[in-house]
Structures are given as structure tokens and as C-alpha cells.
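Tertiary structure, described
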Amino acid sequence: MTTERLDQPRDLRRSLRPHYDPEAFGRLSERIARFLGTARFLVYMTVFVAVWIIWNVLAPGGLRFDPYPFIFLTLMLSLQASYAAPLILLAQNRQDDRDRVQYEHDRRTAERNRADLEYLTREIAGLRLALNEMTTRDYLRSELQRLGEELREQR
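This text gives an overview of the structure that appears in the document. What you see is a predicted model; the values in this text were computed from it and never measured.

**Considerations on the packing of helix α2 (residues 39-58) against helix α3 (residues 71-133)**
Direction vectors running N to C along α2 and α3 enclose 160 degrees, while the axes themselves pass 11 Å from each other. Relative to α3, the element α2 is oriented roughly antiparallel. When the axes of α2 and α3 are compared, the crossing they make is right-handed. On α3, the residues that touch F41, M45, F48, V49, W52 and I53 of α2 are F72, L73, M76, L77 and Q80. For the contact of α2 with α3, a count of residues per class yields 10 nonpolar, one polar and no charged.

Listed below in C-alpha cells is the structure:
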């Protein structure tokens, strides 16, 4: 049994599997899914199918390549759908991952904001209590007047 040494680089191995960047593939799938969900795609697909059917119905016999049941057209549309569905799911999964990260960030921010708000609430309550113990100008004036009157009475 050989163990890999961490102080030395690994030997380069050749692989028969093709290498692809999952992030780049994910971005491409999102772009395709975004395009498949547009009105432009629906118009293009409608025009394509209409031209296909019109050609195979009205063209001279020798130029028709997909007669009436349009089996080749059905095969093409099925192939397109079989690629579109997984690409759309992949794009949705990536969006779900982004939403999950954003939700976690929002939750932490909300917790921080709540802690700050509770701290400020306690500080304001402390200031109110301290202000209640402070002498106000009117109270001081009335007390001085009362003391002045007492002094005058004692004379």
C-alpha cells in the first residue's frame, strides 16, 4: 500500500475522460434555459415547424424529405425536448443554490440588525431612566422659590 506524500506534487495522469468546467457548463445551461423561456424562441420554433410542414406538404414529391406523419420532425422535437429539460433543471438548481446562499446572508443580516435594535432599545431605556432622575429646570426653579419663601418666613 502506497500513501501519497503531501510534500511532493502528484504525478500527472492521463485520462480518457473529457474534461469540462462545471461552472462554465452551468452558465451555458442558464443562458440556454433563459433563451428557451423567451417569446423569441417560441416564434423561431413556430416558424421552423411551419416551414417544415409547408415544405413537406407543398413541395414536389422528389423534394419532400419527411412525408405526412412527419416522423422526422417529431424525432427532432423530441430530441430538442430531451436536451432542454435537463438544462432547465440544471439552471433551476443553480438558481436554488444562489437563493439559498442569499437567504442565509439575509438571515444573518436580520439577526445582526435585531441585536443592534435590542441594544439601542436598552440604551434608550437607560437614558430615559437617567433623565427621570435628572432635575429639570422647572422643578429646580419651583424648589428655589419654595426655599426662598421659607427663608423669608423665618426672618
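**Notes on unusual backbone geometry**
The bulk of non-glycine residues show a negative phi, and the bulk of peptide bonds are trans. Look at F70: it is not a glycine, yet its phi comes out positive at around 50 degrees. Relative to the helices and strands, F70 resides in the loop between α2 and α3. Given a relative accessible area of 11%, F70 falls into the buried group.

**Examining the packing of helix α1 (residues 22-36) against α3**
The N-to-C vectors of α1 and α3 enclose an angle of 110 degrees; their axes lie 8 Å apart at closest approach. On the basis of the axis angle, α1 is roughly perpendicular to α3. Our pair here, α1 against α3, has a crossing hand that is left-handed. Residue-level inspection shows E23, F25, G26, R27, S29, E30, I32, A33 and L36 of α1 in contact with α3, the latter providing Q80, A84, L87, I88, L90, A91, R94, Q95 and R98. When the residues that make up the contact of α1 with α3 are grouped by side-chain class, the tally is nine nonpolar, four polar and five charged.

**Some words on the environment of T136**
Within the secondary structure layout, T136 lies in the loop between α3 and α4 (137-154). With a relative accessible area of 47%, T136 lands in the partly exposed category. Residues T136 and G148, spaced 12 residues apart in sequence, show a C-alpha to C-alpha distance of 18 Å.

**Here we look at the environment of R94**
When you line up the elements, R94 lands in helix α3. With relative accessibility at 15%, the residue R94 sits in the buried group. For the pair formed by R94 and A84, sequence separation is 10 residues and the distance between their alpha carbons is 15 Å. Not counting the four nearest positions on each side in its chain, R94 is found in contact with E23, G26, R27 and E30. Side-chain polar atoms of R94 contact the side chain of E23, separated by 3.1 Å.

**Describing α3**
The terminal C-alpha atoms of α3, which comprises 63 residues, lie 91 Å apart, in line with the 93 Å expected from a rise of 1.5 Å per residue. Of the positions making up α3, those classed as buried are L73, A84, L87, A91 and R94. Here the buried face of α3 lies against α1 and α2.

**Description of the packing of aromatic side chains**
The relation between two aromatic rings is expressed through the spacing of the ring centres and the mutual angle of the planes. The full count for this structure, using the stated rule, is six aromatic pairs. Taken together, a centroid distance of 5.6 Å and an interplanar angle of 55 degrees make the contact between F48 and W52 tilted. Of this pair, F48 and W52 both sit in helix α2, four residues apart, which is roughly one turn of that helix. For F48, a relative accessible area of 37% corresponds to the partly exposed category. For W52, a relative accessible area of 9% puts it in the buried group. With a centroid separation of 5.0 Å and an interplanar angle of 80 degrees, the aromatic rings of W52 and F65 are classed as edge-to-face. Residue W52 is found in helix α2, and its partner F65 is found in the loop between α2 and α3; the two are separated by 13 residues along the sequence. Three or more aromatic residues joined by ring pairs make a cluster, and in this case those are F48, W52, F65 and F72.

What counts and how
- Residues numbered from 1 in each chain as written.
- Predicted model: local features only at pLDDT ≥ 70, side-chain atom pairs only at ≥ 80, totals over all residues.
- Heavy atoms only, no water.
- Axes fitted to C-alpha atoms, helices over the stretch in contact; angles between N-to-C directions.
- Helix = DSSP H or I, 4+ residues; strand = E, 2+ residues; numbered from the N terminus.
- Parallel < 35°, antiparallel > 145°, perpendicular 65-115°, else oblique.
- Left-handed = near helix turned anticlockwise from the far one by under 90°.
- Contact = heavy atoms within 4.5 Å.
- Nonpolar A, V, L, I, M, F, W, Y, C, P; charged D, E, K, R; others polar.
- Buried < 20%, exposed > 50% of the residue type's maximum accessible area, 1.4 Å probe, protein only.
- Polar contact = N/O pair within 3.5 Å; in protein donor to acceptor, adjacent residues only side chain to side chain.
- Expected span 1.5 Å × (residues − 1).
- Phe/Tyr/Trp six-rings, centres within 6.5 Å; stacked < 30°, edge-to-face > 60°.

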